[in-house]
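Chain residues, written in single-letter form:
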Amino acid sequence: MKTHTTERSTLKGSDMMKKSMWLLTVIALVAIIVAGCGGGNTGSGGNASSPAGSANSGTGNTGGTKQNITLTYLASQGWIKDAEMQLAKKFEAETGIRIDYQIVPSDQYFNVLKTKLNAGEATDLFGGQSGKSEISLNYNVEKNAVDLSGEEWVKREDPLSIEQLTLNGKVYAQTIWDTGSSFVIAYNKKIFEEHGLTIPKTYEEFKSLSQKLMDAGITPLYEPIADGWHHVLWFAEPGPRYDEVTPGLYDDLNANKKKFVDDPTMKLALTQFKEMYDLGFMGDNAFSDTGADSAVKMASGIYAMTLAAQSIVNDIEKADPNVKADQFGYFVIPLADNQIYYINPGGPSKFIYSGSKHIEEAKQYLAYLAQPENLQYMLDNDSTISNLNFPGLKDKYNEEQKKLMATYTKKGTDIQDYVNYVNPQWMDMGKDLVAMLGNAIQPEDVLKSIDKRRADMAVVAKDPAWAK
C-alpha cells in the first residue's frame, strides 16, 4: 500500500507540472496580446498627442480603454469655436469618443432645439443660453438635462456663471465663454481723429458725432439686423442704466411690482434707437446686413463704428492687414446717457441630455474641456476671446480693453441676466424692434409685448409673484 501510494503521488506530481507549464504558457500569450492591443492608451500617459492633459482624468474616466462612441452635439452657429473642435479631435484620439457637431443657423436654432426636446429626441449634448428663466422655461432642465453639480470643474467656474446655470440648487450646464468682454461700440480712432471727434458721454453727443460723420460721407454704424438677435443688444445691455435711474427697478420687475411699459428710461432708449435708424446712422441696408460681414465692412473704412464683441479688432486686421487692430477703441452704448460697463456673466452653455445613452462619456468630455491646460489652449488659439470665465488663465486684453475697463469703473449686470423672463424671448424682442423700426409699432408697444410674454412665462413657471 505504501509503495502504491508513492507511485500515485509521483504520477500526480508529473501531471500537475505539465498542467502548470501549459497554464503559464497561456498566461504569457494572453499578456502579450493585451499589451499589444492596449499599448499607448492607458490613463497614465499613452502616445496620443494632445494640447493638454489626459482626457482620462476627472469625471468619466475610462481607465485608458479606447471606446468606439460618437457623442452628438447640437449647437447654434457661432457657439463652437475652431479651438474647441481641435480639442475634440485630440479627445477622440485619446479616448475613441468622437464629437459630432450639428450646427444650426442662429435664427432657426431654438425652434430646432425645442422640437427635439419636446419629442424626446435631443442629441447627447445640446447648447443653450444660460439664465435661470431660460434654462427653466426654454429647456426644462429638470426634465431634459443632467445634474452636473458634482463635477470638479463646477468649483472652478466663475460663481456668477454657475448661478445662471443653477435651478433649485442643482447645476445643469457648463459655460466656457468670455463673459468679461461685453459687447461695446468699436470705433475707428483714425476716422474720429480726422474729424475731431471724441468718445461720447451722452446720447446727444453720440447723435452729434454721428451726424458729423454722415455729413462727411461716412456711415456711422454697421448694424447687422438680419441676424435677428444682434440689434436687441442696444436695448438690453444698458439695463444697469435703467436700474440706476430708477433704483430697485430690477428687483421690482422680478417681484412683478413694476412693468417694462411703465419705465420711462426704457422707453427713452427705444425712442433714441429708432431715431438713430431714422436718421440713417445704420446705413441703407441694415435689415439685410449680417454679423459675418462686420469685420470686412469695418476694414473698408466705409463705417466708423459697430456694436461688437471686443475681439472684432483682430478680425478686422485679418480682413485687411493694412488696418491694424490697435486702430480701434471702445466705448459703451450711450443710449439713455448710459456710462455703466454692463456685464453678462452668462453665455452659450453645454447641457447633457437626460435621455442620452452616453451620459458618462459626455461628462468626460466636459471635464476634458475644463482642464486648465485646455482652457488656456482655447484662449490662446481663439482670436475672438480675450479671457475665459475660469481662474488662473493668462488673458489677452489689449491696451484699448484695459483703457475701456479703467474708463468705466461702474459696472452692472445687463437686464437679460438679472431680470426673469427676458432672455428666453430674445428673438421675439428682435422681431418687435424690427417692427418698430419699420413704423409698424411704437416703442411703448415693444415694452407692452415684453410684459405680455413675461407674464405668460411666469404663469407657466408658476411664479408666485404673478399669482396675486
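Residues numbered from 1 in each chain as written. Predicted model: local features only at pLDDT ≥ 70, side-chain atom pairs only at ≥ 80, totals over all residues. Heavy atoms only, no water.

> If you had to explain the overall build of the protein to someone new, which residues and values would you point to?
On a plain count of helices and strands, the protein comes out with 19 helices and 13 strands. Per-residue burial over the protein gives 49% buried out of 468 residues. Of the contacts formed within the protein by residues at least 6 apart in sequence, a portion of 76% connects residues at least 24 apart. Surface accessibility of the protein: about 21,500 Å² in total, with carbon and sulfur atoms responsible for 53%. (Helix = DSSP H or I, 4+ residues; strand = E, 2+ residues; numbered from the N terminus. Buried < 20%, exposed > 50% of the residue type's maximum accessible area, 1.4 Å probe, protein only. Contact = heavy atoms within 4.5 Å. Areas by Shrake-Rupley, 256 points an atom, 1.4 Å probe, with all protein chains shown as cover.)

> So what's going on with the packing of aromatic side chains? Residues and values would help.
Taken as a whole and assessed by the stated rule, the structure comprises 20 aromatic pairs. Ring geometry for tryptophan 79 against tyrosine 109: centres 5.2 Å apart, planes inclined by 70 degrees, an arrangement best described as edge-to-face. Here tryptophan 79, found in the loop between strand E1 (69-76) and helix H2 (82-95), pairs with tyrosine 109, found in helix H3 (residues 106-119); they are 30 residues apart in sequence, far enough to count as distant. Tyrosine 109 matches tryptophan 79 in its accessibility class, with the two residues each being buried. Between phenylalanine 126 and phenylalanine 351, the ring centres sit 5.1 Å apart and the planes meet at 5 degrees, which makes this aromatic pair stacked. Of the two residues, phenylalanine 126 sits in strand E3 (residues 125-129) while phenylalanine 351 sits in strand E12 (residues 348-352), which places them 225 residues apart along the sequence. Residue phenylalanine 126 shares its accessibility class with phenylalanine 351, and that shared class is buried. (Phe/Tyr/Trp six-rings, centres within 6.5 Å; stacked < 30°, edge-to-face > 60°.)

> Now, about the side chain of aspartate 124: what can you tell me, with residues and values included?
Checked against the element boundaries, aspartate 124 lands in the loop between H3 and E3. Although aspartate 124 is buried, it makes no salt bridge; lysine 357 carries the closest opposite charge, 8.8 Å away. Only 2.9 Å separates the side chain of aspartate 124 from the backbone nitrogen of threonine 72, close enough to count as a polar contact. A distance of 2.7 Å separates the side chain of aspartate 124 from the side chain of serine 356, its partner in a polar contact. (Lys, Arg positive; Asp, Glu negative; His and termini not counted. Salt bridge = Lys/Arg side-chain N within 4 Å of Asp/Glu carboxyl O. Polar contact = N/O pair within 3.5 Å; in protein donor to acceptor, adjacent residues only side chain to side chain.)

> I'd like a description of the pattern of salt bridges, backed by residues and values.
For the coordinates displayed, the defined rule picks out 16 salt bridges. Between lysine 274 and aspartate 278 there is a salt bridge; the shortest N-O distance is 2.8 Å. With lysine 274 and aspartate 278 both in helix H12 (residues 264-278), this residue pair falls 4 residues apart, about one helical turn. The class for aspartate 278 is partly exposed, based on a relative accessible area of 48%. Lysine 448 is the salt-bridge partner of glutamate 444, the closest N and O atoms lying 3.7 Å from each other. Pair noted here: glutamate 444 and lysine 448 are both in helix H19 (residues 443-460), with a separation of 4 residues, about one helical turn. Assessed through its relative accessible area of 33%, glutamate 444 is described here as partly exposed. Take lysine 448: its relative accessible area is 44%, and that puts it in the partly exposed class. Through salt bridges with shared partners, a single network forms among Lys189, Glu400 and Lys403.

> Run through the packing of H12 against H19, naming residues and quoting values.
Between H12 and H19, whose axes approach to 9 Å, the crossing angle comes to 125 degrees. Put simply, H12 runs oblique to H19. When you trace H12 past H19, the crossing you get is right-handed. Where H12 abuts H19, its residues Met266, Lys267, Leu270 and Thr271 lie against Pro443, Glu444, Val446 and Leu447. (Axes fitted to C-alpha atoms, helices over the stretch in contact; angles between N-to-C directions. Parallel < 35°, antiparallel > 145°, perpendicular 65-115°, else oblique. Left-handed = near helix turned anticlockwise from the far one by under 90°.)

> Account for helix H17 (residues 399-407), naming residues and giving values.
Those residues of H17 that sit buried are Glu400, Gln401 and Leu404. Buried positions in H17, seen along its axis, are confined to an arc of 100 degrees and lie on one side of it. Away from its buried face by more than 90 degrees, H17 exposes Glu399 and Ala406. On its buried face, H17 is in contact with strand E7 (184-188), helix H7 (189-194), strand E10 (328-331) and strand E11 (341-343). For H17, the N-terminal capping position is held by asparagine 398, with its side-chain oxygen 3.1 Å away from the main-chain nitrogen of glutamate 400. (Arc of directions from axis to C-beta.)

> Got a sec to walk through helix H14 (residues 312-319)? Specific residues and values, please.
Every α-helix winds through 3.6 residues per turn, so residues three or four apart in the chain are directed the same way. Inspection of H14 places Ile312, Val313 and Ile316 among the buried residues, and these make up the whole buried set. Across the axial projection of H14, the buried residues extend over an arc of 100 degrees, all falling on one side. For H14, the secondary structure elements touched by its buried residues are E7, helix H13 (294-299), strand E9 (303-308) and E10.

> For the sheet that holds strand E8 (residues 219-222), give the residues involved together with the corresponding values.
Spatial ordering of the open sheet is given by E8-E9-E7-E10, a layout of 4 strands whose pairing is mixed. Lying at the two open borders of the sheet, with one neighbouring strand each, are E8 and E10. Neighbouring strand axes in the sheet, compared pairwise and without regard to direction, differ in orientation by 25 degrees on average. Summarising the sheet, E7 and E9 pair through 4 bridges and their orientation is antiparallel. Each residue of the ladder has a partner; that of isoleucine 185, found in E9, is leucine 307. (Pairing = 2+ DSSP bridges.)

> Describe the sheet that holds E12, naming the residues involved and giving the relevant values.
Read across the sheet, 5 strands follow the order E2-E1-E3-E12-E6 without closing on themselves; strand pairing throughout is mixed. Each of the sheet's edge strands pairs with one partner strand only, and the pair in question is strand E2 (97-104) and strand E6 (174-175). With 5 bridges joining them, E3 and E12 adopt antiparallel strand pairing. Following the sheet pairing, glycine 127 is matched in E12 by lysine 350. Across the face of the sheet, H3 comes into contact with E1, E2 and E3 while running at roughly 130 degrees to E1. Of the strands in this sheet, E1, E2, E3, E6 and E12 are in contact with helix H15 (residues 359-369), which crosses E12 at around 150 degrees.

> I'd like a description of the confidence of the model for the protein, backed by residues and values.
For the protein, the average pLDDT comes to 88, and 86% of its residues sit at 70 or higher. Predicted confidence for residues 1-50 stays below pLDDT 50, and this span has 20 contacts to residues more than four positions away or in other chains. Under a pLDDT of 50 for its full length, residues 57-63 has, in the predicted model, 13 contacts with residues more than four places off or in other chains. (pLDDT = per-residue confidence, 0-100.)

> Which residues make up the nonpolar core, and what values do they have?
If you look at soluble globular proteins, the nonpolar side chains tend to sit buried side by side. Counting residues in hydrophobic clusters, the biggest one holds 68 residues, and the most contacted among them are Phe206, Trp234, Phe260, Met266, Met276, Met305 and Ile415. The next biggest cluster of nonpolar side chains, apart from the first, holds 53 residues, and it includes Ala88, Tyr109, Tyr368 and Phe390. (Core = buried A, V, L, I, M, F, W, Y, C linked by side-chain atoms within 4.5 Å.)

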